[in-house]
Amino acid sequence: MEDQSVVDVGDVRLAYRTWGDPFGSPVVLLHGLGGSSLSWEAVGTLLGEEWRVYAIDLRGHGESDWPDEYALEQMRDDVLEFLDACELDRVGVVGHSMGGVVAYLLAEEHADRVERLVLVETPPPFPGQLVDATGPSGPVDYDENALPAVRAQIADPDPRWEEELGQIVAPTLMLAGGPESTMPQGRLADMASLIPDCRLITLGGGHQVHKKQPDQVAHQITEFFTS
């Protein structure tokens, strides 16, 4: 069963969805640019059979506040404060695309809070990367000011992001969308090689693999978290 809640973290209010046993081991899901926690509905429902799942609307997205200030480091700090507010000590973190960047920044800076890390079709911290930001043709559920800010950071990332991949101590799983993806798959392998304990699996399904193949994605996450 899915529940929706809000929590104040610093200067923003974050909305989030939850699934599963409130006393289960916590897993946090982070969506991509232009998305929301709703993009994780199918995967979250499946993971909720075994875990306590929290899917956050990151700042500027979904039902969370749209503060007109958007940096990936701010989103990382929002997630850290979310963990504190919800009294979550160590969690499994799963991020898709932009959410994966937020996830690995959290794992780099706050290794004590990330037990396991899953990066789904996540742009690596190398200059010149593209991020999927395809929105619907009708009304959108995100602040359009967030798009150029995030795209600029992903295209020209802080060099420390790459340098500190080697500092990630959490066991890491990378899930790739294969040749149908708009993201250069070879660069994902390059990124995986820089993370000390990392496995890369190609599922196919393109950049939105968690929507196209939720069963497979949930299965891979569960296998990884229980291995």
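Notes on the structure in this doc start here. (Residues numbered from 1 in each chain as written. Predicted model: local features only at pLDDT ≥ 70, side-chain atom pairs only at ≥ 80, totals over all residues. Heavy atoms only, no water.)

**Thoughts on the overall build of the protein chain**
Just so we agree on the cut-off: Numbered from the N terminus, helices here are DSSP runs of H or I no shorter than four residues, and strands are runs of E no shorter than two. Any pair of residues with heavy atoms lying within 4.5 Å of one another is described as a contacting pair. Accessible surface is estimated by sampling points in the Shrake-Rupley manner with a 1.4 Å probe; for residues, cover comes only from the protein chains shown. Note that His is not counted, nor are the chain ends; the positive residues are Lys and Arg, and the negative ones are Asp and Glu. For the purpose of locating charges, the reference atoms are NZ of Lys, CZ of Arg, CG of Asp and CD of Glu.
Broken down by element type, the protein chain carries 8 helices and 8 strands. Reported as C-alpha extents along the three principal axes, the dimensions of the protein chain are approximately 40 × 40 × 35 Å. For the protein chain, the share of sequence-separated contacts (at least 6 apart) that also reach a separation of at least 24 residues comes to 74%. Surface accessibility of the protein chain: about 9,600 Å² in total, with carbon and sulfur atoms responsible for 47%. The average position of the 14 basic charges and that of the 39 acidic charges among the side chains of the protein chain differ by 2 Å.

**Describing the side chain of D57**
Heads up, the rule is: Categorising residues by exposure relies on relative accessible area from a 1.4 Å probe, with only protein chains included: less than 20% of the type maximum marks a residue as buried, more than 50% marks it as exposed, and the intermediate range marks it as partly exposed. By definition, a salt bridge exists where a carboxyl oxygen of Asp or Glu is found within 4 Å of a side-chain nitrogen of Lys or Arg. Counting of polar contacts relies on pairs of N or O atoms within 3.5 Å, with two restrictions inside protein: one atom must be capable of donating a hydrogen and the other of accepting it, and residues adjacent in sequence are counted only when both atoms are side-chain atoms.
As for its placement among the helices and strands, D57 is situated in the loop between β4 (52-56) and α2 (72-85). Buried charge without a partner: D57 forms no salt bridge, and the closest opposite charge is R17, 4.4 Å away. There is a polar contact of 2.7 Å between the side chain of D57 and the backbone nitrogen of S37.

**Re the pairing of strand β2 (residues 12-19)**
In the case of a regular strand, side chains alternate between the two sheet surfaces. The following threshold applies: The pairing criterion for strands is at least two bridges between them, as found by DSSP.
Taken across its 8 residues, β2 has 7 buried, putting it largely inside the fold. Between strand β1 (residues 3-9) and β2, which pair antiparallel and follow one another directly, the connecting turn spans 2 residues, one of which, G10, has a positive phi of 60°. Here 4 bridges tie β2 to β4, and the two strands are oriented antiparallel to one another. Residue pairing in the sheet places T18 in a bridge with Y54 of β4.

**Examining the packing of aromatic side chains**
We apply this condition: Ring geometry is summarised as follows: Phe, Tyr and Trp rings, the Trp one being its six-membered ring, pair when their centres sit within 6.5 Å, and such pairs are stacked at plane angles under 30 degrees, edge-to-face over 60 and tilted between the two.
Applying the stated criterion across every chain yields a total of 5 aromatic pairs. Look at Y16 and Y54: their rings are 6.2 Å apart centre to centre, the planes differ by 35°, and that puts the pair in the tilted class. With a gap of 38 residues between them, Y16 in strand β2 and Y54 in strand β4 connect regions that are remote in the sequence. Arranged with centres 4.9 Å apart and planes meeting at 80°, the rings of Y16 and F82 form a pair that is edge-to-face. With Y16 in strand β2 and F82 in helix α2, this pair connects stretches of sequence that are 66 residues apart. Residue class for F82 comes out buried when judged on its relative accessible area of 0%.

**Let's talk about the environment of H61**
If you trace the backbone, H61 turns up in the loop between β4 and α2. As a C-alpha pair, H61 and D143 span 82 residues in sequence and 6.4 Å in three-dimensional space. Apart from residues no more than four positions distant in its own chain, H61 is found in contact with H31, G32, L33, G34, G35, W66, M75, M98, D141, Y142 and A146.

**Quick notes on the sheet that holds strand β8 (residues 198-202)**
Note the cut-off: A fitted line through C-alpha atoms represents every axis, and for helices the fit uses only the stretch in contact; the resulting angles, taken between N-to-C directions, go from 0 to 180 degrees.
Ordered by their spatial adjacency, 8 strands build an open sheet running β1-β2-β4-β3-β5-β6-β7-β8, and the pairing between neighbours is mixed. Pairing within the sheet leaves two strands with one partner each, and these edge strands are β1 and β8. When the angles between neighbouring strand axes are averaged without regard to direction, this sheet yields 20°. Of the strands in this sheet, β1, β2, β3 (26-30), β4 and β5 (91-96) touch α2, which is tilted by about 110° from β1.

**Thoughts on the nonpolar core**
Definition in use: Residues belong to a common nonpolar core when they are buried Ala, Val, Leu, Ile, Met, Phe, Trp, Tyr or Cys residues joined through side-chain atoms within 4.5 Å.
The biggest cluster of nonpolar side chains holds 50 residues, and the ones touching the most others in it are L30, I56, L72, F82, Y104 and L117. Here this core gets 8 residues from one element, more than from any other, and that element is helix α3 (residues 98-109). Not counting the four nearest positions on each side in its chain, L117 is found in contact with V93, A103, Y104, A107, I168, A170, P171, T172, L173 and F224. Counting residues in hydrophobic clusters, the runner-up holds 22 residues, among them L173, I201, V217 and F225.

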